[in-house]
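Spelled out from the first residue to the last, the chains are:
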Amino acid sequence: MKAIEIREKYLKFFERHNHKRIPSASLIPENDPSVLFTTAGMQPLVPYLLGQKHPEGTRLTDYQKCVRTNDIEEVGDNRHLTFFEMLGNWSLGDYFKEESIAMSFEFLTKELGIPVEKISVTCFAGDEDCERDNVTAECWKKAGIAEDHIYFYGKDDNWWIAGEEGPCGPDTEMFYDTGKEPCGPDCQPSCDCGKYVEIWNNVFMQFLKKDGKYTKLPQQNVDTGMGLERITFLLEGKKDPFETELFAPVMDKLQELATNDSIESRRIAAEHLRSSMMIIADGGRPSNVDRGYVLRRIIRRMTRHLNKLGIDLSKMSDLIDLDIDILKDMYQELDANRETIKETIIAEQEKFMRTLERGEREFTKVINKLKAENKNLIDADTAFNLYETYGFPPEITRELAKENNFEVVETAEIEKKFKEHQEKSKAGSEQKFKGGLSGTGEQEIKYHTATHLLNAALRVVISPDCHQKGSNITPERMRFDFNCDHKLTDEEKQKLEDQVNAWIEQDLPVSFEEMNKNDAAAKGAEHEFLERYPDIVKVYTIGDVSMEICGGPHVEHTGVLGHFKIKKEEASSAGIRRIKAILE
Ligand code: SER
């Protein structure tokens, strides 16, 4: 069964079980600056797992594009991917363990036709934070899983949380037995030998972890995730995702073009090509910070491996065309952004090629010097310098080192240098911002004040529950995202405009006060990401209509704003609407 067919089967199955199909969110989280990429299906749904009402109801299903780069150095083996797709179904305080397990069992055995004896499951063994999950084990037995196919593990294996804090809970994981010989008498699903492959994870999200403590969420949720690439290669009887239709045509093409073949290099090139195309299609661009930097690393690592394979970069445009053609039915955004994808990847490769040679020369110098000193370890400063001066991402330094029998300090050490460096440059730009209006033009300042007015008007006109979920200002327009469960009517838009314009005409004074952020929140100041602010914040008030935590700058009185006009209102993501507006 092809990946696209499995996806459709999955979504249809859950639709039949009264789930609403929702679209995949962008790989680039619009309203959450705390993460670089969407890393799991649940991520765009966090507000709803925490209790906010989802406009589509309490049963949802989707496929979600995900990027995880913490294991980027492992890509090249037969299972690690930086981009992957997760199929998911959610209960937002609706069904819980029994129904969730019954549906998973039915889907695996009936829809996908997996023989029951090939399935093993794992449950949470229990600890001081949460009891042993006997209920889940009972549900599996009732569904038809034999007792000796049910395993219990602790938090390391059977507890799921995205990062350090947030909604979480015990999970139950489903494993597919590939039929390989067990690696030993203790071979189990938790074992890494490849006999058992995890195919699905149902998380019973009922806790919130904050400051190291677990509290109960107001509702019991289910969050499930099935890795599409994995289930595809298993059902197709292939050895790994690279043998499936998602990668095989590119893998074969690379083999045909290579003068120095290596399957690891082909996997890295094919995987990183797909991943960078998907990120670019969702608006990502290479740069030196944050997600732009991750994209840069992916493209550069791909380029180095194409080089190693002996593949000329003049083939890039054809390779991209080929990859888009095999994936475009699954991701229409690739076809729609074909030219941008090509331009972005090729421009980055050209930049990298200009420095690669110089960098490799510098690298040779570094190791010759170390050899003369009888050392074989490249330290964090050297690795960082290779990046700063020659554009060498750490994993390239590591790969070159390995080829020369050299060691490199832990990636974490190098990452620390990067962080220190990024913080320095961030501090620099914040300094600039504090210093007043540099970098912020008069028109942007006006739009900035207008966003506060629009934010306040939403709560008057639409609902007291509407709050800002993101904004973006250029000298030409403002863009404002907010939570709202419906498309605004023409009448609502008109009322919003009228309200904002009335406040502009009243020429309200704008002023700010500095205070502790918790005091500000307690006073009811609007804020988006309290935990990300410094302890002392500025609180801007506009007359008695708006109070918001904000760095500024703003106009001194609203009369100078002119006339506020909404140009567009549209969906931004699930439950989030977007307004584009101008001041004329
Ligand atoms: N959030 C869980 C995961 O990513 C299940 O969807 O595995």
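Structure report, in brief. (Residues numbered from 1 in each chain as written. Predicted model: local features only at pLDDT ≥ 70, side-chain atom pairs only at ≥ 80, totals over all residues. Heavy atoms only, no water.)

## Things to note about the site of the ligand
The environment of the ligand is formed by Ala40, Met42, Arg68, Met86, Trp160, Asn201, Val203, Asp223, Thr224 and Gly225. In the environment of the ligand, a nitrogen atom lies 2.7 Å from a nitrogen or oxygen atom belonging to the side chain of Asp223. Within the backbone of Thr224, one N or O atom sits 3.2 Å away from an oxygen atom of the ligand. Mapped onto the shell around the ligand, the elements with two or more residues apiece are strand E8 (196–210) and strand E9 (213–227). Here the shell around the ligand gets 3 residues from one element, more than from any other, and that element is E9. In the shell around the ligand, the residues fall into 5 nonpolar, 3 polar and 2 charged. (Near = heavy atom within 4 Å. Polar contact = N/O pair within 3.5 Å; in protein donor to acceptor, adjacent residues only side chain to side chain. Helix = DSSP H or I, 4+ residues; strand = E, 2+ residues; numbered from the N terminus. Nonpolar A, V, L, I, M, F, W, Y, C, P; charged D, E, K, R; others polar.)

## Section: the sheet that holds strand E13 (residues 478–483)
Two pairing modes exist for strands in a sheet, parallel and antiparallel, and in both the strands are linked by backbone hydrogen bonds. A sheet is described by the order of its strands in space; here 4 strands give the open sequence E12-E13-E18-E17, paired in antiparallel fashion. Strand pairing shows two members of the sheet lacking a second neighbour, strand E12 (468–473) and strand E17 (564–573), which therefore form its edges. The average angle at which neighbouring strand axes cross in this sheet is 20°, direction not considered. Summarising the sheet, E13 and strand E18 (residues 576–583) pair through 6 bridges and their orientation is antiparallel. Bridge pairing links Met478 to Ala581 in E18. Against the sheet, helix H16 (residues 442–461) engages E12, E13, E17 and E18, with an angle of about 25° to E13. (Pairing = 2+ DSSP bridges. Axes fitted to C-alpha atoms, helices over the stretch in contact; angles between N-to-C directions. Contact = heavy atoms within 4.5 Å.)

## With respect to the pairing of strand E5 (residues 150–153)
Pairing between strand E4 (residues 119–124) and E5: 4 bridges, direction parallel. Bridge assignment links Phe124 to a residue of E5, and that residue is Tyr153. With helix H4 (residues 134–143) bridging E4 and its parallel neighbour E5, the resulting β-α-β unit is right-handed. (Right-handed = clockwise from strand over helix to strand, strands pointing away.)

## A look at the side chain of Thr109
Within the secondary structure layout, Thr109 lies in helix H3 (residues 97–111). A polar contact of 2.7 Å, which involves the side chain of Thr109, links it to the backbone oxygen of Phe105. In this structure, Thr109 is in contact with Ile114, Val116 and Ile119, ignoring residues within four places of it in sequence.

## Structural notes on the packing of helix H8 (residues 263–281) against helix H12 (residues 338–372)
Across the interface, H8 lies against H12 with an axial gap of 9 Å and an inter-helix angle of 120°. When the interaxial angle is binned, H8 and H12 end up oblique. Where H8 crosses over H12, the handedness of that crossing is right-handed. Residue-level contacts link Leu273, Ser276, Met277, Ile280 and Ala281 of H8 to Thr340, Ile341, Thr344 and Ile345 of H12. Tallied by class, residues from the contact of H8 with H12 come to 6 nonpolar, 3 polar and no charged. (Parallel < 35°, antiparallel > 145°, perpendicular 65-115°, else oblique. Left-handed = near helix turned anticlockwise from the far one by under 90°.)

## Observations concerning H12
Each α-helix turn comprises 3.6 residues. Residues three or four places apart therefore point the same way. With 35 residues, H12 ought to run about 51 Å at 1.5 Å a step, and its terminal C-alpha atoms sit 49 Å apart, in line with that. At Leu356, H12 is deflected by roughly 35°, the largest bend along its length. One or two steps after H12, the chain reaches Asn374, where phi turns positive at roughly 65°. (Expected span 1.5 Å × (residues − 1). Bend = angle between axes of the 7 residues up to and from the residue.)

Keep in mind that these numbers describe shape and distance, not what the molecule does.
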